[in-house]
Amino acid sequence: MAELRPSGAPGPTAPPAPGPTAPPAFASLFPPGLHAIYGECRRLYPDQPNPLQVTAIVKYWLGGPDPLDYVSMYRNVGSPSANIPEHWHYISFGLSDLYGDNRVHEFTGTDGPSGFGFELTFRLKRETGESAPPTWPAELMQGLARYVFQSENTFCSGDHVSWHSPLDNSESRIQHMLLTEDPQMQPVQTPFGVVTFLQIVGVCTEELHSAQQWNGQGILELLRTVPVAGGPWLITDMRRGETIFEIDPHLQERVDKGIETDGSNLSGVSAKCAWDDLSRPPEDDEDSRSICIGTQPRRLSGKDTEQIRETLRRGLEINSKPVLPPINPQRQNGLAHDRAPSRKDSLESDSSTAIIPHELIRTRQLESVHLKFNQESGALIPLCLRGRLLHGRHFTYKSITGDMAITFVSTGVEGAFATEEHPYAAHGPWLQILLTEEFVEKMLEDLEDLTSPEERLSPHPAPLATLVLAEIVPQQREGRGRLVCLQPQPQFKLPKEYSWPEKKLKVSILPDVVFDSPLH
């Protein structure tokens, strides 16, 4: 529950917002992290010292439902000469450490990120005659913040969020989001670490789909070239009725060429999935590697989790050959200092360290496997095969209903424990499947109905359900989780099965309810 008031008005739990020149005695009473971010806001908006602000009545650290303490709303005049329209600029306070006393975030020093290391922003085109900013973007930001706090997965530039519903609950075609760096907000060094600012950008379903098939950064660059679709500052216009591909059909050619040349930079998803070892009797609990034993999910070891994280992180880098890093508890790329130890990386499980010692779990070669996916994750299999494996890369599914993972690898990926001689291999509940190019082509033919355009469903609201991990340039920070609820999927009767007996591989697309049960 939140209330709207000027940021200078005293609230039940916070003093009024000071500027960077506030008297020392007053500034000392104001939360230092909050004061540092306000300083950056005042740099941009010196004439708006007390903007309207949506405030959580009961703070998150007092048991309230809203993780963001405040969302400030500024009026930005834009720059008509540069095709930047007047707009409302929303800035969150709460994903970073505002207080430094461990009431919300664990303080880990000044050199790393403050809290989750970022705050969210949003730029909404101001409608003619609009005298006050709409407040719905604040609730949108609270929804994303709830996901971050509950999952402890963070966002990065290029991430995409599939919402399946108009962002403002209208009839708008803007139903999804991409994330990028805010074009004006500069990183802030606070007493509790560094804070960067990630801007939410509203997009249409077709634009989201292109971001998934290709990459988010590429679509963001295209949006910047179309003034009515965002322009240089990527300002969201909820009244936009055309996609960038309808506005400029040549842009679709650029996307198609990018997909053909680069493939997809989507290196993995966290979704509803499972796998069974068909070469073992199902009653053999000791050796079975299905997702559950009894009613308890199997757990990935800490080192397996680390390697999966490294797998996806290394996928971001430009290598002559994609490499799966060796299982190693030490970080390989010097990014360890960029995350607080209490925060989970994108694929880290809730309790992955309190398990059987890693050295006691041997790698096993399997003769036959059965893969299980829900409809959303199954619809990404063609993307995995065409956009990743045919480009010599890898793709990982991480279960959100049990602690297990499935990684598809091509023959060009080094460091995998699956080989051409033994294409199915498991390390505890982590399965790797090596597919040759010839077999990938065969699978794509057989799985064609998974992505048949004429079978698309009409859009419908969906919850935040599927975490997607995509590649980002290597100099960016760790924590590359990206949230996505996949666009409406092909409609067919479930369950649906595909089988390749000669390869001893079976794939089933199953209803969601199957994965909600502790045994399947």
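Reading the values: rules and limits
Residues numbered from 1 in each chain as written. Predicted model: local features only at pLDDT ≥ 70, side-chain atom pairs only at ≥ 80, totals over all residues. Heavy atoms only, no water. Buried < 20%, exposed > 50% of the residue type's maximum accessible area, 1.4 Å probe, protein only. Helix = DSSP H or I, 4+ residues; strand = E, 2+ residues; numbered from the N terminus. Pairing = 2+ DSSP bridges. pLDDT = per-residue confidence, 0-100. Contact = heavy atoms within 4.5 Å. Axes fitted to C-alpha atoms, helices over the stretch in contact; angles between N-to-C directions. Parallel < 35°, antiparallel > 145°, perpendicular 65-115°, else oblique. Nonpolar A, V, L, I, M, F, W, Y, C, P; charged D, E, K, R; others polar. Left-handed = near helix turned anticlockwise from the far one by under 90°. Salt bridge = Lys/Arg side-chain N within 4 Å of Asp/Glu carboxyl O. Expected span 1.5 Å × (residues − 1). Arc of directions from axis to C-beta. Polar contact = N/O pair within 3.5 Å; in protein donor to acceptor, adjacent residues only side chain to side chain.

## Observations concerning the pairing of strand β9 (residues 193–203)
Taken across its eleven residues, β9 has nine buried, putting it largely inside the fold. Alignment of strand β5 (residues 113–125) against β9, held across six bridges, turns out to be parallel. Paired with Pro 113 across the two strands is Val 194, which belongs to β9. For strand β7 (residues 176–181) and β9, the ladder comprises six bridges, and the chain directions are antiparallel. Looking at β9, one finds that Leu 178 is bridged to Val 201.

## Quick notes on the confidence of the model for the protein
The pLDDT averaged across the protein works out to 79; a share of 70% of its residues lies at or above 70. Here residues 284–297 scores under 50 on pLDDT; set against residues more than four positions off or in separate chains, the count is 35 contacts. Note that residues 452–490 has pLDDT below 50 and, in this model, 165 contacts with residues that lie over four places away or in other chains.

## Observations regarding the packing of helix α4 (residues 205–213) against helix α5 (residues 216–224)
Running from N to C, α4 and α5 point in directions that differ by 140 degrees, and their axes come no closer than 7 Å. If you check the angle between α4 and α5, you find them oblique. On α5, the residues that touch Glu 207, Ser 210 and Ala 211 of α4 are Gly 216, Ile 219 and Leu 223. Split into classes, the residues belonging to the contact of α4 with α5 amount to three nonpolar, two polar and one charged.

## Overview of the packing of helix α10 (residues 381–388) against helix α11 (residues 437–446)
Taken N-terminus to C-terminus, the directions of α10 and α11 make an angle of 145 degrees; their axes are 10 Å apart at the nearest point. Considering the relative orientation of α10 and α11, their crossing is left-handed. Where α10 abuts α11, its residues Pro 382, Leu 385 and Arg 386 lie against Val 440, Met 443 and Leu 444. For the contact of α10 with α11, a count of residues per class yields five nonpolar, no polar and one charged.

## Here we look at the pattern of salt bridges
Tallied over the entire structure, the rule returns 19 salt bridges. Salt-bridge contacts for Arg 240 lead to Glu 207; the nearest nitrogen and oxygen are separated by 2.7 Å. Placement of the pair is Arg 240 in the loop between α5 and α6 (244–247) and Glu 207 in helix α4, with a sequence separation of 33 residues. The class for Glu 207 is buried, based on a relative accessible area of 0%. One connected set of salt bridges, linked through shared partners, spans Asp 66, Glu 139 and Arg 146.

## Section: helix α7 (residues 250–262)
A rise of 1.5 Å per residue sets the reference length of α7, with its 13 residues, at 18 Å; its end C-alpha atoms lie 18 Å apart and thus fit the reference within 8%. Of all the positions in α7, only Leu 251, Val 255 and Gly 258 are classed as buried. The buried residues of α7 occupy one face: seen down the axis, they fall within an arc of 60 degrees. Exposed and facing more than 90 degrees away from the buried side of α7 are His 250, Glu 253, Lys 257, Glu 260 and Thr 261. Those residues of α7 that are buried are in contact with α4, α5 and α6.

## Examining the sheet that holds strand β15 (residues 369–374)
Across the sheet, which stays open at both edges, the four strands sit in the order β11-β15-β23-β22 with mixed pairing between neighbours. Among the strands making up the open sheet, the edge pair consists of β11 (273–277) and β22 (496–500). Direction aside, neighbouring strands of the sheet carry axes that sit 15 degrees apart on average. Direction of pairing for β15 relative to strand β23 (residues 505–510): parallel, over a ladder of six bridges. Paired with Asn 374 across the two strands is Leu 510, which belongs to β23. The sheet contacts of α11 involve β22 and β23, and relative to β22 the element is tilted by about 150 degrees.

## A few points about the pairing of β22
The sheet contact formed by β22 and β23 spans five bridges and is antiparallel. Each residue of the ladder has a partner; that of Lys 496, found in β23, is Ile 509. Hairpin remark: β22 followed by β23, antiparallel, with four residues in the connecting loop; positive phi at Lys 504, about 55 degrees.

## As for the environment of Ala 418
Structurally, Ala 418 is set in the loop between β17 (405–410) and β18 (424–427). When its relative accessible area of 3% is taken as the criterion, Ala 418 is described as buried. It is 5.7 Å that separates the C-alpha atoms of Ala 418 and Gln 432, two residues lying 14 residues apart in sequence. When sequence neighbours within four positions are dropped, the list of residues in contact with Ala 418 reads Pro 423, Ala 425, Gln 432, Ile 433 and Leu 434.

## Topic: the side chain of Asn 153
Structurally, Asn 153 can be placed in the loop between α3 (136–151) and β6 (160–162). Judged by its relative accessible area of 8%, Asn 153 falls in the buried class. Polar side-chain contacts of Asn 153 include one of 3.4 Å to the side chain of Tyr 147.

## Looking at the side chain of Gln 432
Along the chain, Gln 432 turns up in strand β19 (residues 430–435). Polar side-chain contacts of Gln 432 include one of 3.0 Å to the backbone nitrogen of Phe 417.

## Some words on unusual backbone geometry
Cis geometry marks the peptide bond from Leu 494 to Pro 495, where omega comes out at 0 degrees. When you line up the elements, Pro 495 lands in the loop between β21 (481–484) and β22. Here the phi dihedral of Asn 83 falls at roughly 60 degrees; this positive angle occurs in a residue that is not glycine. Tracing the chain through its elements places Asn 83 in the loop between β3 (70–76) and β4 (87–93). Its relative accessible area of 47% is what places Asn 83 among the partly exposed residues. Although it is not a glycine, Asn 169 adopts a positive phi angle of roughly 60 degrees. Within the secondary structure, Asn 169 sits in the loop between β6 and β7.

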